[in-house]
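Results of the structural survey
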Amino acid sequence: MGVSLPPKEATLFKLIVKSYETKQYKKGLKAADSILKKFPDHGETLSMKGLTLNCMDRKSEAYDLVRLGLKNDLKSHVCWHVFGLLYRSDRNYREAIKCYRNALRIDPDNLEILRDLSLLQAQMRDLEGFVETRQQLLTLKPSQRMNWIGFAVAHHLNSNASKAFDILEAYEGTLDNNHPPENERCEHGEMLLYKISLLEECNLLEKALEELHRKKSKIVDKLSYKEVEVSLLVKLGQLEEGEKLYRLLLSMNPDNYRYYEGLHKCLGLHSENAQYSSNEVEQLEALYKSLALQYSWSSAAKRIPLDFLSGEKFREAADNYMRPLLTKGVPSLFSDLSPLYDQPGKANILEELALRFEHSLKTAGGYPGRVDKEPPSTLMWTFLYLAQNYDRRGNYAIALAKIDEAIKHTPTVIELYTIKSRILKHGGDLEAAAALADEARCMDLSDRYANSYCVKRMLQADQVILAEKTAALFTKDWDQSLQDMQCMWYELASGESFFRQGDLGRALKKFLAVEKHYADITEDQFDFHTYCLRKMTLRGYIEMLKFQDRLHSHTYFRKAAVGAIRCYIKLYDAPLETVAEEDDMSKLPASQKKKNRQKQRKAEARAKKEAEVRSEESSVNVSKAGMRHVKPVDPDPHGEKLLQVEDPLLEAAKYLKLLQKHSLDSLETHLLSFEVYMRKQKILLALQALKHLHRLDAEKPDSHCCMVRFFYKVASIPTPVTEAEKLIWSVLEAEQPTFSQLHGKSLLDANALFLEKHKDSLMHRVAAAEMLHLLEPKRKAEAIKIIEESPNSPVLNVSGVVREWKLKDCIAVHKILGTISDDHAVASRWKKRCSEYFPYSTYFEGSQSSVVTKNRVTDNNVNGGMNHLKADQNAAPLSTNGKLENIEALKNLAI
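All right, on to the overall build of the chain then. The number of helices and strands found in the chain is 48 helices and two strands. Within the chain, the fraction of its 895 residues that count as buried is 45%. In the chain, 60% of the contacts between residues at least 6 apart in sequence involve partners at least 24 apart.

Before going further, it helps to examine the side chain of Thr-669. Within the fold, Thr-669 resides in helix α37 (residues 667-679). Overall, the relative accessible area of 1% leaves Thr-669 in the buried class.

Bringing unusual backbone geometry into the picture now. Even without a glycine there, the phi angle at Asn-203 is positive, about 65 degrees. As for its placement among the helices and strands, Asn-203 is situated in the loop between α11 (185-201) and α12 (205-214). The exposed category is assigned to Asn-203, whose relative accessible area is 58%.

Empty pockets left among the atoms are what a rolling probe the size of a water molecule brings to light. Under the criterion given, the structure shown has one cavity of 30 Å³ or more. Volume-wise, the largest cavity comes out at about 50 Å³. In this structure, the largest cavity is lined by Leu-325, Leu-326, Val-330, Pro-331, Leu-333, Phe-334, Trp-381, Leu-384, Tyr-385 and Gln-388. For the lining of the largest cavity, the elements supplying multiple residues, two or more each, are α19 (311-328), α20 (333-337) and α22 (377-392). For the lining of the largest cavity, the element with the most residues is α22, which contributes four residues. Taken together, the residues of the lining of the largest cavity sort by class into nine nonpolar, one polar and no charged.

Further remarks concern the confidence of the model for the chain. On average, the chain scores 88 in pLDDT, and the residues at 70 or more come to 88%. Within the model, the stretch residues 578-583 combines pLDDT values under 50 with zero contacts to residues more than four positions away or in other chains. Every residue in residues 614-629 scores below 50 in pLDDT, and together they form 28 contacts with partners more than four places removed in sequence or on other chains.

The next point concerns the packing of aromatic side chains. With the rule as written, the count across this model stands at 22 aromatic pairs. On the numbers, 6.1 Å between centres and 40 degrees between planes, the contact of Trp-148 with Tyr-171 is tilted. Taken together, the positions of Trp-148 in helix α9 (residues 145-157) and Tyr-171 in helix α10 (residues 161-173) put the pair 23 residues apart, joining distant regions of the chain. Neither residue differs from the other here; Trp-148 and Tyr-171 are each classed as buried. Ring centres of Phe-710 and Phe-711 lie 5.1 Å apart, and the angle between their planes is 85 degrees; on these two criteria the pair is classed as edge-to-face. Of the two residues examined, Phe-710 and Phe-711, each falls in the buried class.

Pairing between side chains becomes possible if they bear opposite charge and their charged atoms approach one another. Inspection of every chain in the model, using the stated rule, returns 54 salt bridges. The closest approach of N and O atoms between Arg-58 and Glu-61, which form a salt bridge, is 3.1 Å. Its relative accessible area of 32% is what places Arg-58 among the partly exposed residues. Its salt-bridge partner being Asp-462, residue Arg-500 comes within 2.9 Å of it at the nearest N-O pair. Placement of Arg-500 in helix α29 (residues 488-500) and of Asp-462 in the loop between α26 (448-460) and α27 (464-471) is noted, with a sequence separation of 38 residues between them. The partly exposed category is assigned to Asp-462, whose relative accessible area is 29%. One continuous salt-bridge network, built from bridges that share partners, spans Glu-169, Glu-172, Lys-195, Glu-211, Arg-214 and Lys-215.

The biggest cluster of nonpolar side chains holds 108 residues, and the ones touching the most others in it are Leu-212, Leu-337, Leu-350, Tyr-385 and Leu-416. Look past the residues within four positions of Leu-350 in its chain and what remains in contact with it is Phe-314, Ala-318, Met-322, Leu-337, Leu-340, Tyr-341 and Tyr-385.

Turning next to the environment of Arg-315. By secondary structure assignment, the location of Arg-315 is in helix α19. Through-space distance from the C-alpha of Arg-315 to that of Lys-346 is 8.4 Å; in sequence the pair is 31 residues apart. Once residues within four sequence positions are removed from consideration, Arg-315 is found in contact with Ile-349, Glu-352 and Leu-353. A polar contact is formed between the side chain of Arg-315 and the side chain of Glu-352, at a distance of 3.1 Å.

With that out of the way, let us pick up helix α44 (residues 807-820). Between its first and last C-alpha atoms α44 spans 20 Å; for 14 residues at 1.5 Å apiece the expected length is 20 Å, and the two agree. Within α44, the full set of buried residues consists of Leu-807, Cys-810, Ile-811, Val-813, His-814, Ile-816, Leu-817 and Ile-820. Next to the buried residues of α44 lie α24 (414-427), α42 (762-775), α43 (780-788) and α45 (824-837).

What follows covers the packing of α10 against α11. One can describe the packing of α10 onto α11 by two numbers: an axis separation of 9 Å at closest approach and a directional angle of 145 degrees. Considering only the axes of α10 and α11, their crossing is left-handed. Note on element contacts: α11 touches α10 through His-188, Met-191, Leu-192, Tyr-194, Lys-195, Leu-198, Leu-199 and Glu-201, opposite Ala-161, Ala-164, Phe-165, Leu-168, Glu-169, Tyr-171 and Glu-172. Partitioning the contact of α10 with α11 into residue classes produces ten nonpolar, one polar and four charged.

Taken together, the side chains of Leu-223, Leu-248 and Met-252 make up a nonpolar region of the molecular surface, amounting to roughly 250 Å² of accessible area. Here Leu-223 shows up in helix α13 (residues 222-235).

In this section: the state of the cysteines. Enumeration over the complete set of coordinates arrives at zero disulfides. This cysteine, Cys-705, is not joined by any disulfide, and Cys-706 carries the nearest cysteine sulfur, 6.9 Å off. A relative accessible area of 10% means that Cys-705 is categorised as buried.

Along the chain, the position of Pro-791 falls in the loop between α43 and β1 (794-797). A sequence separation of twelve residues divides Pro-791 from Arg-803, and the C-alpha atoms of the two residues are 9.9 Å apart. Not counting residues within four places of it along the chain, the set of residues in contact with Pro-791 comprises Lys-759, Asp-760, Arg-765 and Trp-805.

Once that is clear, we can look at the packing of helix α33 (residues 555-573) against helix α36 (residues 648-662). Where α33 meets α36, the axes come as close as 9 Å, and the angle between the chain directions of the two elements is 160 degrees. On the basis of their axis angle, the class for α33 and α36 is roughly antiparallel. Seen along the crossing, α33 lies across α36 with a hand that is left-handed. Facing α33, whose interface residues are Phe-557, Arg-558, Ala-561, Val-562, Ile-565, Tyr-568, Leu-571 and Tyr-572, α36 presents Pro-648, Leu-649, Glu-651, Ala-652, Tyr-655, Leu-656, Leu-658 and Leu-659. Residue classes in the contact of α33 with α36 are distributed as 14 nonpolar, no polar and two charged.

A rise of 1.5 Å per residue sets the reference length of α22, with its 16 residues, at 22 Å; its end C-alpha atoms lie 23 Å apart and thus fit the reference within 8%. For α22, the tally of buried residues reaches 14 of 16 residues, placing the bulk of the element in the interior. One or two residues past the end of α22 sits Gly-394, with phi positive at roughly 85 degrees.

Attention now goes to the environment of Val-234. Here Val-234 shows up in helix α13. On a C-alpha basis, the gap between Val-234 and Leu-263 in space is 9.7 Å, while along the polypeptide they are 29 residues apart. The contact partners of Val-234, leaving out residues within four places of it in the chain, are Leu-239, Tyr-246 and Cys-266.

Parameters and conventions
Residues numbered from 1 in each chain as written. Predicted model: local features only at pLDDT ≥ 70, side-chain atom pairs only at ≥ 80, totals over all residues. Heavy atoms only, no water. Helix = DSSP H or I, 4+ residues; strand = E, 2+ residues; numbered from the N terminus. Buried < 20%, exposed > 50% of the residue type's maximum accessible area, 1.4 Å probe, protein only. Contact = heavy atoms within 4.5 Å. 1 Å grid on protein atoms, 1.4 Å probe; cavity = no way out; pocket = protein on both sides within 12 Å on 5 of 7 lines; lining within 4 Å. Points joined across faces, edges and corners; volume = space filled by probe spheres on them. Nonpolar A, V, L, I, M, F, W, Y, C, P; charged D, E, K, R; others polar. pLDDT = per-residue confidence, 0-100. Phe/Tyr/Trp six-rings, centres within 6.5 Å; stacked < 30°, edge-to-face > 60°. Salt bridge = Lys/Arg side-chain N within 4 Å of Asp/Glu carboxyl O. Core = buried A, V, L, I, M, F, W, Y, C linked by side-chain atoms within 4.5 Å. Polar contact = N/O pair within 3.5 Å; in protein donor to acceptor, adjacent residues only side chain to side chain. Expected span 1.5 Å × (residues − 1). Axes fitted to C-alpha atoms, helices over the stretch in contact; angles between N-to-C directions. Left-handed = near helix turned anticlockwise from the far one by under 90°. Patch = residues over 30% accessible without salt bridge, like charges linked within 9 Å, V, L, I, M, F, W, Y side chains within 5 Å. Areas by Shrake-Rupley, 256 points an atom, 1.4 Å probe, with all protein chains shown as cover. Disulfide = S-S within 2.5 Å. Parallel < 35°, antiparallel > 145°, perpendicular 65-115°, else oblique.

Right, here's the structure in full:
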């Protein structure tokens, strides 16, 4: 126990605690100083003063005072508890748990400390400790509902659902028959649904259904009751009852796709891979005809049949589905139907239907087979659909022609300009896409989506300054505000842009900002450990915890981690100039070295002082609690400090471990693992990454390259000497036969076989050529020939001929040719060939790209040929609507 104080000071100490709890920090600080004047070594007062200062953003003083208080009174549970609270505020949960445990050794029955400890154990997923602490809380306070619920949840999280059910049963046994009162009915009903979910998890389905029916009157959420009931009925095989219930649910919400899926299961018509027999298709068709008549306003009842119908029946259903949506002017129609383009034959039918609509609307003013006239806007929405259709199928010239017709028809619809921007982006003209997006934004300056869309296009075109200025239109302080809003799409796009431009510092800063958001999201669950138990939202709480456990498998985190790892790899491959500068410094005389160091120290001190001054100037006010509201100043706006790491690969490995844990089935995870471990000379770990690559897809070009590079590296390893080297060598010899591509073949033979197997694929040929150049550098000309002779086979569809090659792949090949060959003519030949395939690509300077058309316009202006300019606008589909001149104006504004 702590040293006792006289009555007057003891009252003041209680005032300190109360002031801390009510956030009256100045008042608490004053009371602490009054006690410390008489008792300067009182440990608990020193600790509470430190805790108060911590809330006033004076962390260094806070830690010093708390440590001093603990030193003066090691046997005080208050001092240990306060130290734990201090660590908890800094998210150092492991140290906080140690402090709480020390406090409990002194006062084992302290409820407040036990509650705080249980929260941290739940946060850190120390589930065994969580169960133990919750049991202790229940033992001390069995009259509190929250302790019963917390103990049950602890067992559930610790994979003991049956024990959790028994605890809730015991808790119900303590309640009287009139429970719950009116104001607790919702919470009690949620607890009952949670208890039934525990039985379902234990596979006690009959008991769960019986319990559900028995507690029906006490469950307030009738929709959840029905959903749980029908789920149990289906699992028990009571499909007739399940069918009736699903039809009842559909009458309540006929647009819920899960209800339709459940109805399929009850009727024996469910298929995981969406493959149905002709008999099943007939039954489904009859089902949805009746449902469409019953729920004529439901879009789901009309949309779902498009997934299983085919041929003429699909054509008829799609026709009936598309017409009303085109008439209403639903911009998302193509997004709705886009998944159907992956099913054989359906893309052609949808395109044919849209072309029929277009022709009939142009000639007769209505749909085919109908006398009624359609509103003029229907034709414009049909143009929009066709433009998106041709864009999806890779025919950008026709897509641009259709979208231009739509713009000419109705030039005031924002969606037309955003779709045209997307088409140009897919065609490779990023600068013109940004200009179109900016024009769409200017049509409605209050539209945040249009602003965000424009910002994204500008970042894709590497117009970062313009993107920042545009984003700032919707934020007070654009950079800090976007961080506070956790605007991850912006940070990812910005980081990728900086990476493309070679600015690794800023790129890394953006990628790590995204990683910090995920750390913040993980921290945000802390408050819910108490809230959900108090409000009894137990099912949602369990789902939230499961979501948090798989949080780092999210796409945005994976992109950020991949971007950061690539930055560190690039930094390792091409270190900053600091090393060279240090070498130059070492050659200078001692006096000059001293002067340079003094200058550097002065510059750092000046920068620090300026940052402090800016921070003080930006402080808004001081609250009554004594907390300063300071606008944060970024000490490293360009990410220069992030690049000053001793071992970039060590930093990369931190994010790599998260990817390996949460994105194990991603090919990119193991490609990066291979790259990092090869650079670190970790041969066995590189082998492990290679085996994962071959497990996922052995025929991928990247997998082939990694395999050849690995065994080429292994072949150059000197004869093992130490026991460790011999052990590694024995593992390599044992694992090599597991790669079927190398059975009885040399690396050259395996590479030649790979080329022969995939001779019609561009990227496979490039991979084979790269490895040929690696294995035998003298055969460089042959490697180049393999790439240059790659066929770009035409693919025929309704919209015309489309080539197989993708723009992204061709750009990558152009860069690879630059590394393989020193002859610029090789890369130039490839660039010229690709400019024909991708006429809108600015990278390849295609004939229809904004770079070429802008130069053509400039030449005509120089020659004074304005008539030529007018004629040339027909060849440049975005000189009128794209407003390319806006780019120059915005650039001047940015400067």
